[in-house]
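Examining the three-dimensional arrangement
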Amino acid sequence: MTEKPTLIIANLTGCTGCVISILDLHEEILEILDKVNLIYCPTIIDVKEIPTCDIALVNGTIGNEHDIEVAKDVEKKAKKVIALGSCACFGGICGLRNFFTKEETIEYAYKTILTNDSNVLPSEVPQLTEFVDVVQNVINVDYRIPGCPPIPSMIKKVLTALLESQEPEQPTKNLCSECEKVHENMLIPTKEFLTFQVVASHEVDYKEELCFLEQGILCIGFATRAGCEGRCVNSNLPCRGCMGPLEKEVDQGCAAISGLASIFPIGQLIQQEDLSGTVYRYSLPYSILHRISKDQKEDD
Ligand code: SF4
Ligand code: SF4
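Predicted model, so just to flag it, every value in this text is computed and none were measured.

Describing the overall build of the chain
Looking only at helices and strands, the chain has ten helices and seven strands in total. Rg of the C-alpha trace for the chain: 21 Å, near the compact-globule value of 19 Å for 300 residues, within the 12% margin. A total of 300 residues make up the chain; the buried ones form 45% of that total. Residue pairs at least 24 apart in sequence account for 76% of intrachain contacts in the chain once pairs closer than 6 positions are excluded. Here the chain contributes 26 positively and 44 negatively charged side chains, and the mean placements of these two sets differ by 3 Å.

Written as structure tokens, this is what we have:
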């Protein structure tokens, strides 16, 4: 009898929601386990050492020295490495730390918050890296499954393709290409701005069938790769970009600002609270902005 290929799931800095997303396949997970032996996954299996394997799913981002060790160990032991989730692919929510220095982060987390009265800094835990980085900047990554968390059907599709020795297909278009919301005025050439303010859906007479942007509600689906099945926009939540930039786009934030500037009055855009945190919410460590600031700090 032929041995089944082996699969491991390794965790770096993150919330482990990506692993829960695999479990969210429910009974379909049996179809995967029929084809593969899951031999390491700290979230659900008590195995301490990373074993050699055919496929490794790595979730979480590179945020401390331990993450670097784990990632390098995975690279040595796995034939194919898949970055799972936005943290691994683009830095994700954890990557927002890159708006601050390591010292500012430590100061805030351990000295400002109310639960640490003693102001004691931890010394026996892995040290934070200067910046949060994406997995592919530390080790060789063969495939990426973006999303925060990635959708179960996409995980299944990619794993099934690899187990059948096929090349997994990745979406190439943006979310707007599969969004069912309609445009009434957006595509009609006009000198007038469509909206003069940035609002939340509860502040306007929100129309469910209409594109968020036409109603002044910030949605960055146009700068975000498709493939999430529109789970947020279909639930009346604007897209915040967890699927990351399009394949040939390296800076999702720039693409979003550039697109928005062509619709919203630029003054309103600049006044918006935390614009950078919004458009780079999932992809700051993957962006050009991060690379420039990293290079500058390394030169200093
Ligand atoms: S991508 Fe999202 S779900 Fe996955 S580890 Fe990061 S924060 Fe958690
Ligand atoms: S901007 Fe948002 S709401 Fe508008 S079409 Fe694109 S994904 Fe849909």
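Section: the nonpolar core
Core analysis: the biggest nonpolar cluster contains 34 residues, and Ile22, Ile55, Leu57, Ile82, Leu84, Ile145 and Leu159 have the highest contact counts within it. Among the elements of the structure, β1 (6–11), α1 (17–23), α2 (29–33), β3 (53–59), β5 (78–84), β7 (143–145) and α6 (152–163) are those that each provide at least two residues to this core. Counting residues per element, this core draws most heavily on α6, at six residues. Here leucine 159 is in contact with Leu7, Ile32, Ile55, Leu57 and Ile82, once residues within four sequence places are set aside. Of all hydrophobic cores here, the second largest spans 23 residues; its members include Tyr40, Ala78, Phe90 and Val134.

Considering the site of ligand 2
Close to ligand 2 lie Leu175, Cys176, Cys179, Lys181, His183, Cys211, Phe212, Leu213, Cys219 and Gly221. Broken down by class, the residue content of the shell around ligand 2 amounts to seven nonpolar, two polar and one charged.

Describing the site of ligand 1
In the vicinity of ligand 1, the residues found are Gly14, Cys15, Thr16, Gly17, Cys18, Gly85, Ser86, Cys87, Gly147, Cys148 and Pro149. Every element with two or more residues in the shell around ligand 1 is listed here: α1 and α4 (85–90). Per-element accounting of the shell around ligand 1 gives the leading share, three residues, to α4. In the shell around ligand 1, the residues fall into five nonpolar, six polar and no charged.

Brief notes about the domain arrangement of the chain
Many authors give the size of an interface as the accessible area that is lost as the parts come together. Per the domain assignment, the segments of the chain are domain 1 (6–98 + 123–163) and domain 2 (175–292). A C-alpha centroid distance of 28 Å is found between domain 1 and domain 2. Taken together, the two surfaces of domain 1 and domain 2 that pack against each other cover about 1,600 Å², and 62% of this comes from carbon and sulfur. Counting every contact that joins domain 1 to domain 2 gives zero salt bridges. Applying the counting rule to domain 1 against domain 2 returns eight residue pairs in polar contact (both at pLDDT 80 or more). When residues of the side of domain 1 that touches domain 2 are traced back to their parent elements, those giving at least two are α4, β6 (128–133) and α6.

Points about the pattern of salt bridges
All told, the structure shown has nine salt bridges when counted by the stated rule. It is possible to trace a salt-bridge network through shared partners that takes in Glu28, Glu31 and Lys156.

Some words on the side chain of serine 86
Inspection of the secondary structure assignment puts serine 86 in helix α4. Since its relative accessible area comes to 1%, serine 86 is described here as buried. Residues contacting serine 86, with those up to four places away along its chain left out, are Gly91, Gly92, Pro146, Gly147, Cys148, Cys242 and Tyr282.

The rules behind the values
Residue numbers here run from 1 along each chain, matching the order of that chain's written sequence. Chain labels run from A onward and ligand labels from 1 onward, assigned in the order the entries are written. With pLDDT at 70 or above as the cut-off, local features in this predicted model cover only qualifying residues; side-chain atom pairs require 80 or more to be listed or tallied, and sums for whole chains, interfaces and linings still use all residues. Excluding hydrogens and water, the side-chain values take into account all heavy atoms of the structure. The numbering of helices and of strands both runs from the N terminus, where a helix is a DSSP run of H or I of at least 4 residues and a strand a run of E of at least 2. Atoms considered for the radius of gyration are the C-alpha atoms alone. The globule rule reads 2.2 Å times the number of residues to the power 0.38. Any residue under 20% of the maximum accessible area for its type is buried, any over 50% is exposed, and the rest in between are partly exposed; the area is computed with a 1.4 Å probe on protein chains only. Residues count as neighbours in contact if any of their non-hydrogen atoms are within 4.5 Å of one another. Charged residues are defined narrowly, with Lys and Arg counted positive, Asp and Glu counted negative, and His plus the chain ends left uncounted. For charged residues, the charge sits on one atom: NZ in Lys, CZ in Arg, CG in Asp, CD in Glu. Residues enter a nonpolar core if they are buried and are Ala, Val, Leu, Ile, Met, Phe, Trp, Tyr or Cys, with the set joined through side-chain atoms within 4.5 Å. Proximity is defined per residue: if any heavy atom of the residue lies within 4 Å of a molecule or strand, that residue is considered near it. Amino acids outside the nonpolar list (Ala, Val, Leu, Ile, Met, Phe, Trp, Tyr, Cys, Pro) and the charged list (Asp, Glu, Lys, Arg) are all regarded as polar, and Gly is one of them. Domain limits in this description derive from either an automatic procedure or a database domain assignment. Buried area: the sum, over both parts, of the accessible surface (1.4 Å probe) that disappears when the two are put together. One side-chain nitrogen of Lys or Arg within 4 Å of one carboxyl oxygen of Asp or Glu is enough to make a salt bridge. Throughout this description, a polar contact denotes any pair of N or O atoms lying within 3.5 Å of each other; where both atoms belong to protein, one of them has to be capable of donating a hydrogen while the other can accept it, and for residues adjacent in sequence the pair is counted only when both atoms sit in side chains.

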